[in-house]
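Structural features, examined
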Amino acid sequence: MNTLARRAAVVTAALGAAIGMTVSTASAGTATTWTITPSGAYTAHADFPTLEVPLASLECASSDVKAGVLQASSATGNGIANINNITFTDCTVGGIPFDVTMKTTPWLINAVKPNASNSNWVDASVSSISAHISGIGCSADFTGKVYGRYQNNTGDLVIDGSGTDLVASNASCLGLINNGDVASFNASYHVTVTSTGTSPVITTP
């Protein structure tokens, strides 16, 4: 092999090693996890949650997660916690009593990314939602996802009404709720770990 060819081979090998190191470093960088401390069974309580569609507003006195589980860790943040049983109390639409029930379980709580404006917060979502509401002359299903944040400093999961992924279907409600209506859900759930009586902290990757 002549000198030029040897030099080309050395350069090629060096570039290959550098590229390999870059890929390995990037791969290692993605091998991080979200963590929750403490984890395990939890409950959560919210006062005055609301569900709004263009022509109606469902208001409840309270809502409670009766049974849920916080995972100790998650590689992606998806499903880092679940909601196995959630109830809504004293709900009304225009003063008419309504019942709100889960149709399928579990609903999933997802850690999305660190919040851009507050280092104590984690952007979050609740997905796999499937709920049914019913009152006099009115019923509808709501499925999809809602968005918000988990506040490590207060222990509150805040659903802020943003997003367009919670949608009505199977609606029969005198035109107040219609199929395809996008619903806005607002609530602040204070989360308590059953074993400790304290709120968990979500650590970002």
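Residues numbered from 1 in each chain as written. Predicted model: local features only at pLDDT ≥ 70, side-chain atom pairs only at ≥ 80, totals over all residues. Heavy atoms only, no water.

1. Some words on empty space enclosed by the protein
- In total, this model carries 3 cavities of 30 Å³ or more according to the counting rule given.
- Taken as a whole, the largest cavity encloses approximately 420 Å³ of empty space.
- Lining the largest cavity are 36 residues, and of these Ile-83, Ile-86, Val-126, Phe-185 and Tyr-189 lie nearest its centre.
- If one sorts the elements of the lining of the largest cavity by residue count, strand E11 (residues 121–135) sits on top with 5 residues.
- Looking at the lining of the largest cavity residue by residue, the classes come out as 34 nonpolar, 2 polar and no charged. (1 Å grid on protein atoms, 1.4 Å probe; cavity = no way out; pocket = protein on both sides within 12 Å on 5 of 7 lines; lining within 4 Å. Points joined across faces, edges and corners; volume = space filled by probe spheres on them. Helix = DSSP H or I, 4+ residues; strand = E, 2+ residues; numbered from the N terminus. Nonpolar A, V, L, I, M, F, W, Y, C, P; charged D, E, K, R; others polar.)

2. As for the sheet that holds strand E1 (residues 34–37)
- Reading across from one edge, E6-E1-E16 is the order of the 3 strands in this open sheet, with antiparallel pairing throughout. Only two strands of the sheet have a single neighbouring strand rather than two, namely strand E6 (73–74) and strand E16 (201–203).
- The pairing of E1 with E16 spans 3 bridges and is classified as antiparallel. Bridge pairing in E16 places Thr-35 opposite Thr-203. (Pairing = 2+ DSSP bridges.)

3. Notes on the confidence of the model for the protein
- Across the protein, the average pLDDT comes to 88, with 85% of residues at or above 70.
- Across residues 1–31 the pLDDT falls below 50, and counting only partners more than four positions away or on other chains, this stretch makes 1 contact in the model. (pLDDT = per-residue confidence, 0-100. Contact = heavy atoms within 4.5 Å.)

4. Brief notes about the state of the cysteines
- One pass over the full model with this rule turns up 2 disulfides.
- Each sulfur of the disulfide joining Cys-60 and Cys-91 lies 2.0 Å from the other. Across the disulfide from Cys-60 to Cys-91, rotation about the S-S bond amounts to roughly 105 degrees, and the bridge is consequently right-handed. Linking Cys-60 in the loop between strand E4 (56–59) and strand E5 (62–70) with Cys-91 in strand E8 (residues 91–93), this pair joins segments that are 31 residues apart in sequence.
- The class for Cys-60 is buried, based on a relative accessible area of 5%.
- At a sulfur-sulfur separation of 1.7 Å, the disulfide partner of Cys-138 is Cys-173. (Disulfide = S-S within 2.5 Å. Buried < 20%, exposed > 50% of the residue type's maximum accessible area, 1.4 Å probe, protein only.)

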